[in-house]
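Examination of the molecular architecture
Here's the letter readout for the chains.
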Amino acid sequence: MRKPYIAGNWKMNLTPTQGAALVKELAAALQGKDVKVMVAPSFVSIPAVLQAAKGSNIIVAAQNVSDKANGAYTGEVSCEQLLDLGIRDVIIGHSERRSYYGEDDEWINKKVLFALSQGMNIVLCIGETLQERQSGKLEEVLSRQVKVALTGVSAADMKRITLAYEPVWAIGTGVTATADDADSAHAFVRGLVESLYGKEVAENLIIQYGGSVKPSNAKELLGRENIDGALVGGASLTADKFLPIVESALE
Ligand code: PEP
């Protein structure tokens, strides 16, 4: 049985003060609920959000991390720095990192391997562009992204990997993949992971869906067999939108 995992990627939104207030509201509402919830604030907000989340079961994660241990890498943040704060979870390979900051599959693989070696848990994002989908390349793209990003990752380490299928054309656009389309992409990815790691790893793997998830579509998406959670952007920025999404995972 896969436990639902709902994550909020705040991107470059919310000040430390706003983030702390939001997480306090979420923590109060989610007390005692059997669902895994994560929020990923900007780096500068992490200390305030962690402090506000203390005593709750909300995981605070980073949106990105360096593939290097430390050194002369201006503007980067290391696993060691995150771990020192108490952060053990990180999103890697978000489509915005891929498209705006040039992260390719090989670089993402380096980040994955290094973060795993430091004991971190990873939400690894994959997903096709509209052009790739329309030209019939969905499976080819997902296969490449999964295989390259996971090169060198052991079956044991797969326990610390969550995949997030996020069709690029559905991120921040208001357009959602239909539940059928999302479920069939998830089933394809699960089959791929089975071919790489075997049935047990594939059956235990959490695959989140991301792309304009909101209160009105969360229940339908999360009700599908292969959709085990959500990675939520815009709708994770206020409790009145994020909490109903979390509730949908409990129904
Ligand atoms: C995301 O950034 O991961 C995302 C899915 O964004 P949105 O929910 O706003 O589409």
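Source: prediction; values computed, not measured.

**Some details on the overall build of the protein chain**
Scanning the protein chain from terminus to terminus reveals 11 helices and eight strands. Along the first, second and third principal axes, the C-alpha atoms of the protein chain reach 45 × 45 × 35 Å. In the protein chain, buried positions account for 51% of the 251 residues. Look at the contacts in the protein chain between residues 6 or more apart in sequence, and 73% of them connect residues 24 or more apart. Here the protein chain holds 25 positive side-chain charges and 30 negative ones, and the gap between their average locations is 3 Å.

**Topic: the pattern of salt bridges**
Applying the stated criterion across every chain, the model contains 16 salt bridges. With its nearest N and O atoms 2.8 Å apart, the salt bridge here joins Arg 2 to Asp 228. Of the two residues, Arg 2 sits in the segment before strand S1 (5-9) while Asp 228 sits in the loop between helix H10 (215-222) and strand S8 (229-232), which places them 226 residues apart along the sequence. With relative accessibility at 21%, the residue Arg 2 sits in the partly exposed group.

**A few points about the packing of helix H1 (residues 16-30) against helix H11 (residues 239-250)**
Running from amino to carboxyl end, H1 crosses H11 at an angle of 35°, the nearest separation of the two axes being 11 Å. H1 and H11 meet at a crossing whose hand is right-handed. Residues Leu 22, Glu 25, Leu 26, Ala 29 and Leu 30 of H1 lie in contact with H11, whose contacting residues are Ala 239, Phe 242, Leu 243 and Val 246. Among the residues making up the contact of H1 with H11, the classes are represented as eight nonpolar, no polar and one charged.

**Description of the packing of helix H7 (residues 138-149) against helix H8 (residues 179-197)**
Between H7 and H8, whose axes approach to 10 Å, the crossing angle comes to 45°. The orientation of H7 with respect to H8, classified from their angle, is oblique. Note on packing geometry: the crossing formed by H7 with H8 is right-handed. For the pair H7 and H8, the contacting residues are Glu 139, Leu 142, Ser 143, Val 146 and Lys 147 in the first and Ala 185, Phe 188, Val 189, Leu 192, Val 193 and Leu 196 in the second. For the contact of H7 with H8, the per-class residue count stands at eight nonpolar, one polar and two charged.

**Notes on the nonpolar core**
Residues Ile 6 and Val 193 are the most contacted members of the largest nonpolar core, which totals 73 residues. The element best represented in this core is H8, accounting for seven residues. Residues contacting Val 193, with those up to four places away along its chain left out, are Val 146, Met 158, Leu 163, Gly 198, Val 201, Ala 202 and Leu 205. The next biggest cluster of nonpolar side chains, apart from the first, holds 11 residues, and it includes Met 38, Val 123, Ile 206 and Leu 231.

**Side note on the sheet that holds strand S4 (residues 89-92)**
Strand order around the closed barrel formed by eight strands is S1-S2-S3-S4-S5-S6-S7-S8, with parallel pairing between neighbours. For this sheet, the mean angle separating the axes of adjacent strands, direction not counted, is 25°. Where strand S3 (residues 58-62) meets S4, two bridges bridge the pair, whose relative direction is parallel. Paired with Ala 62 across the bridge in S4 is Val 90. Packing against the sheet, H7 makes contact with strand S5 (121-126) and strand S6 (161-165), and its axis sits at approximately 155° to S5.

**Some words on H7**
Look at H7: 16 Å from first C-alpha to last across 12 residues, which is about the 16 Å you get at 1.5 Å a residue. Those residues of H7 not exposed but buried are Leu 138, Val 141, Leu 142, Ser 143, Gln 145, Val 146 and Ala 149. Residues of H7 that are buried make contact with helix H4 (95-101), helix H5 (105-117), S5, helix H6 (130-134), S6 and H8.

**Regarding the site of the ligand**
Looking at the ligand, there are 14 residues lining it, with Lys 11, Glu 166, Gly 172, Ser 212 and Gly 233 nearest. In this structure, Gly 233 approaches the ligand through a main-chain N or O atom, which is 2.8 Å from an oxygen atom. Here an oxygen atom of the ligand sits 2.8 Å away from a polar atom, N or O, in the main chain of Gly 234.

**Thoughts on the side chain of Ser 45**
With respect to the secondary-structure elements, Ser 45 resides in the loop between strand S2 (36-40) and helix H2 (46-53). Look past the residues within four positions of Ser 45 in its chain and what remains in contact with it is Leu 14, Thr 15 and Pro 16.

The rules behind the values
- Residues numbered from 1 in each chain as written.
- Predicted model: local features only at pLDDT ≥ 70, side-chain atom pairs only at ≥ 80, totals over all residues.
- Heavy atoms only, no water.
- Helix = DSSP H or I, 4+ residues; strand = E, 2+ residues; numbered from the N terminus.
- Buried < 20%, exposed > 50% of the residue type's maximum accessible area, 1.4 Å probe, protein only.
- Contact = heavy atoms within 4.5 Å.
- Lys, Arg positive; Asp, Glu negative; His and termini not counted.
- Charge placed at Lys NZ, Arg CZ, Asp CG, Glu CD.
- Salt bridge = Lys/Arg side-chain N within 4 Å of Asp/Glu carboxyl O.
- Axes fitted to C-alpha atoms, helices over the stretch in contact; angles between N-to-C directions.
- Left-handed = near helix turned anticlockwise from the far one by under 90°.
- Nonpolar A, V, L, I, M, F, W, Y, C, P; charged D, E, K, R; others polar.
- Parallel < 35°, antiparallel > 145°, perpendicular 65-115°, else oblique.
- Core = buried A, V, L, I, M, F, W, Y, C linked by side-chain atoms within 4.5 Å.
- Pairing = 2+ DSSP bridges.
- Expected span 1.5 Å × (residues − 1).
- Near = heavy atom within 4 Å.
- Polar contact = N/O pair within 3.5 Å; in protein donor to acceptor, adjacent residues only side chain to side chain.

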